[in-house]
Amino acid sequence: MEAIRIDTQVYLSGDRFPLIRDLGWNQVHDVYSHPDRTLDFDVFIYVTEGSMQVMEENQEYVIQEHEHLFLKKGLHHWGHPVTTPGTSWYWIHVTSPDFVQTDYKTHIPLPEIDFYYPNHYAYTFPMPKHGTSPFHRTLESRLQLLVTDFGKPTTHGMAQLSSQVYQMFLELHKAMSENKTTESTGKSEVITGRIMRHLIEHTDEDFDSSSVSSKLRLNYSYLSATFKKQTGLSIVEAHTKLRINKAIEWMRNSSLNISEISERLGYKNPYYFSRVFKKVTGESPSAYMRHFYKKAMT
């Protein structure tokens, strides 16, 4: 009988930050065993000196100096008496959001099309379970400041600390994702990057699947499936959002009116452009332009 695989990832989202329950620093002077427990909150550990051994369910982790580990709530974790004397670490206990909604996306918005859209922040992402990166060298000083501020009687103190931890986790996620991409860029990532570059070069044109296929010299159905798996978007959706982003950029930074923007983007009919714009952003171009305190001119 095949064993059930346990998901040990700790997830965060784009619209809610984890809430701090407790945090601190510790150092042991004798051989140490991690406490045997099952918690209702997630744990972040960052070792500053020595090494710590932790078991989570049946998986063993050894956290070396300048490495982190996330332990997931509801899973049994403990340690053997092998953590070396002198080991020191920071820890953060957080209540992470529960994602019970079914409309959360599992892909982070592409940086190239990272303007606000309806449900833009409704996405989840797994934190890197265990490891290190050049970014980790900055963690000790940041964690020390958090520990110093923890418990001080400050207005919005806990909320402010939680938002700072969330920012730190976002930066950690970004650093390790970039480090992983640099070390081993897979074929799918390369294809997705080439597709995005092609779409950016042809933002002011109607979408042409044959042009994409010809440029990459690959079957369009294969390209489409690969892109969707990597980004959560179809190639057409990505191209449309790139065009709308360009429109938003011109709205913000130029005196072009809506008809001129439509024409520059290659839309033959400004009314069709307006329908596409509203479908993507939830608002008409004229309403959106008023966000920037400009009078919309058609």
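Cut-offs used in this document
- Note on numbering: residues in each chain are counted from 1, in written sequence order.
- At least 70 in pLDDT is required for a residue's local features to be given in this predicted model, at least 80 for side-chain atom pairs to be given and counted, and no such filter applies to totals for whole chains, interfaces and linings, which use all residues.
- Excluding hydrogens and water, the side-chain values take into account all heavy atoms of the structure.
- Secondary structure elements are defined from DSSP: runs of H or I of at least 4 residues count as helices, runs of E of at least 2 residues count as strands, and each element is numbered from the N terminus.
- What makes two residues a contact is simply this: any of their non-hydrogen atoms within 4.5 Å.
- Only buried Ala, Val, Leu, Ile, Met, Phe, Trp, Tyr and Cys residues count toward a nonpolar core, and they belong to the same one when joined by side-chain atoms within 4.5 Å.
- Only protein chains enter the accessibility calculation, which uses a 1.4 Å probe; a residue is then buried when its area is under 20% of its type maximum, exposed when over 50%, and partly exposed in between.
- Fitted lines through C-alpha atoms serve as axes, helices being fitted only where they are in contact, and the angles separating the N-to-C directions of these axes extend from 0 to 180 degrees.
- These descriptions rest on fixed angle ranges, namely under 35 degrees for roughly parallel, over 145 for roughly antiparallel, 65 to 115 for roughly perpendicular, and the rest for oblique.
- For any pair of crossing helices, the crossing counts as left-handed if the nearer helix is rotated counterclockwise from the farther one by less than a right angle, and right-handed if it is rotated clockwise.
- Gly is put with the polar residues, along with every residue not named as nonpolar or charged; the nonpolar set is Ala, Val, Leu, Ile, Met, Phe, Trp, Tyr, Cys and Pro, and the charged set is Asp, Glu, Lys and Arg.
- Here a Phe, Tyr or Trp ring, Trp counted by its six-membered ring, pairs with any other such ring whose centre lies within 6.5 Å, and the pair is stacked when the planes are under 30 degrees apart, edge-to-face when over 60, and tilted otherwise.
- Whether a charge lies above a ring is judged from NZ of Lys or CZ of Arg, which has to be within 6 Å of the ring centre and within 35 degrees of the ring normal.
- Only residues whose relative accessible area exceeds 30% and that form no salt bridge enter a patch; like-charged residues are grouped when within 9 Å of one another, and nonpolar side chains (Val, Leu, Ile, Met, Phe, Trp, Tyr) when within 5 Å.
- Only the protein chains shown count as covering a residue, and every accessible area follows the Shrake-Rupley method with a 1.4 Å probe.
- Take a side-chain nitrogen of Lys or Arg and a carboxyl oxygen of Asp or Glu: if they are within 4 Å of each other, that pair is a salt bridge.
- Neither His nor the chain termini are counted; the positive set is Lys and Arg, and the negative set is Asp and Glu.
- For the purpose of locating charges, the reference atoms are NZ of Lys, CZ of Arg, CG of Asp and CD of Glu.
- Points on a 1 Å grid over protein atoms alone make up a cavity when a 1.4 Å probe fits among them but cannot get out, and a pocket when they form an open set with protein on both sides within 12 Å along at least five of seven lines; lining residues each have an atom within 4 Å of a point.
- Grid points are joined across faces, edges and corners, and a volume is the space filled by probe spheres set on the points.
- Here the expected length of a helix is defined as 1.5 Å per residue gap, with one fewer gap than residues.
- In this description, the arc belongs to the directions extending from the helix axis to the C-beta atoms.
- Polar contact criterion, stated in full: a pair of N or O atoms within 3.5 Å, where within protein one must be able to donate a hydrogen and the other to accept it, and residues adjacent in sequence count only if both atoms are side-chain atoms.
- Two strands make a pair as long as DSSP finds a minimum of two bridges between them.

A.B. asks: Give a detailed account of the side chain of Ser51, specifying residues and quantitative values.
C.D. replies: On the secondary structure map, Ser51 appears in strand E5 (residues 51–56). Among all residues touching Ser51, those that are not within four sequence positions of it are Val62, Ile63, Gln64, Thr83, Thr84 and Thr87.

A.B. asks: Can you lay out the nonpolar core for me, pointing to particular residues and giving the numbers?
C.D. replies: Among the nonpolar cores identified, the biggest contains 25 residues, and Phe44, Ile92, Leu139, Leu143, Met168 and Phe169 are the most heavily contacted of them. Among the secondary structure elements, those contributing two or more residues to this core are strand E2 (19–27), strand E4 (42–49), strand E9 (88–95), helix H1 (139–149) and helix H2 (157–183). Counting residues in hydrophobic clusters, the runner-up holds 18 residues, among them Ile244, Ile258, Tyr267 and Val280.

A.B. asks: Any details on the packing of helix H3 (residues 187–201) against helix H4 (residues 209–216)? Residues and values, ideally.
C.D. replies: Running from amino to carboxyl end, H3 crosses H4 at an angle of 125°, the nearest separation of the two axes being 11 Å. By the angle class used here, H3 and H4 are oblique. The handedness of the crossing between H3 and H4 comes out as right-handed. Between H3 and H4, the residues in contact are Ile191, Arg194, Ile195, His198 and Leu199 and Ser211, Val212, Lys215 and Leu216, respectively. Class assignment of the residues belonging to the contact of H3 with H4 gives a composition of five nonpolar, two polar and two charged.

A.B. asks: So what's going on with the packing of aromatic side chains? Residues and values would help.
C.D. replies: Going through the model one piece at a time under the given rule, you end up with 12 aromatic pairs. Ring geometry for Tyr267 against Phe273: centres 5.3 Å apart, planes inclined by 55°, an arrangement best described as tilted. As far as burial versus exposure is concerned, Tyr267 and Phe273 are alike and both buried. Grouping aromatic residues by their ring pairs yields a cluster made of Tyr267, Tyr272, Phe273, Phe277, Tyr288 and Phe292. A cation over an aromatic ring shows up here: Arg243 above the ring of Tyr267, its NZ or CZ 3.9 Å from the ring centre. Cation over ring: Arg264 sits above Trp250, and NZ or CZ is 5.9 Å from the ring centre.

A.B. asks: Kindly report on a positive patch on the surface, identifying the contributing residues and their values.
C.D. replies: The grouping of Arg194, Arg197, Lys215 and Arg217 at the surface amounts to a positive patch. Judged by relative accessible area, Arg217 falls into the exposed class, the value being 77%.

A.B. asks: How would you sum up the layout of surface pockets? Please name residues and give values.
C.D. replies: Computed from the structure, the second largest pocket encloses a volume of approximately 690 Å³. Leu233, Glu237, Thr240, Lys241 and Val280 are, among the 28 residues lining the second largest pocket, the residues nearest its centre. Only helix H6 (235–253) and helix H8 (270–281) provide two or more residues apiece to the lining of the second largest pocket. Split by residue class, the lining of the second largest pocket holds 13 nonpolar, eight polar and seven charged.

A.B. asks: Can you lay out H8 for me, pointing to particular residues and giving the numbers?
C.D. replies: In this model, H8 (12 residues) spans 16 Å end to end at C-alpha, consistent with the 16 Å of a helix rising 1.5 Å per residue. Within H8, the full set of buried residues consists of Phe273, Val276, Phe277, Val280 and Thr281. Projection of H8 onto a plane perpendicular to its axis shows the buried side chains occupying an angular sector of 110°, all on one side. Facing away from the buried side of H8 by over 90 degrees, the exposed positions are Tyr271, Arg275 and Lys279. The N-cap of H8, judged by a side-chain oxygen 2.7 Å from the amide nitrogen of Tyr271 a few residues on, is Asn269. Residue Gly282 follows H8 closely and has a positive phi angle near 90°.

A.B. asks: Give me the pairing of E5: which residues, what numbers.
C.D. replies: Judged by how many residues are buried, E5 sits mostly within the fold: six of six residues are covered. Every second residue of E5 is oriented toward a common face, with Ser51, Gln53 and Met55 on one face and Met52, Val54 and Glu56 on the other, all of them buried. Summarising the sheet, E5 and strand E8 (residues 76–78) pair through two bridges and their orientation is antiparallel. When the sheet's bridge partners are listed, Met55 is paired in E8 with Trp78.

A.B. asks: Tell me about the sheet that holds strand E11 (residues 130–131), residues and numbers included.
C.D. replies: Spatial strand order, E2-E9-E4-E7-E11: five strands in an open sheet with antiparallel pairing. Two strands lie at the open edges of the sheet, namely E2 and E11, each paired on one side alone. As defined by bridge partners, E4 adjoins strand E7 (residues 68–71) across four bridges and the pair is classed as antiparallel. Paired with Tyr46 across the bridge in E7 is His68. In the packing of H1 onto the sheet, contacts are made with E2, E4 and E9, and the angle to E4 comes to roughly 120°.

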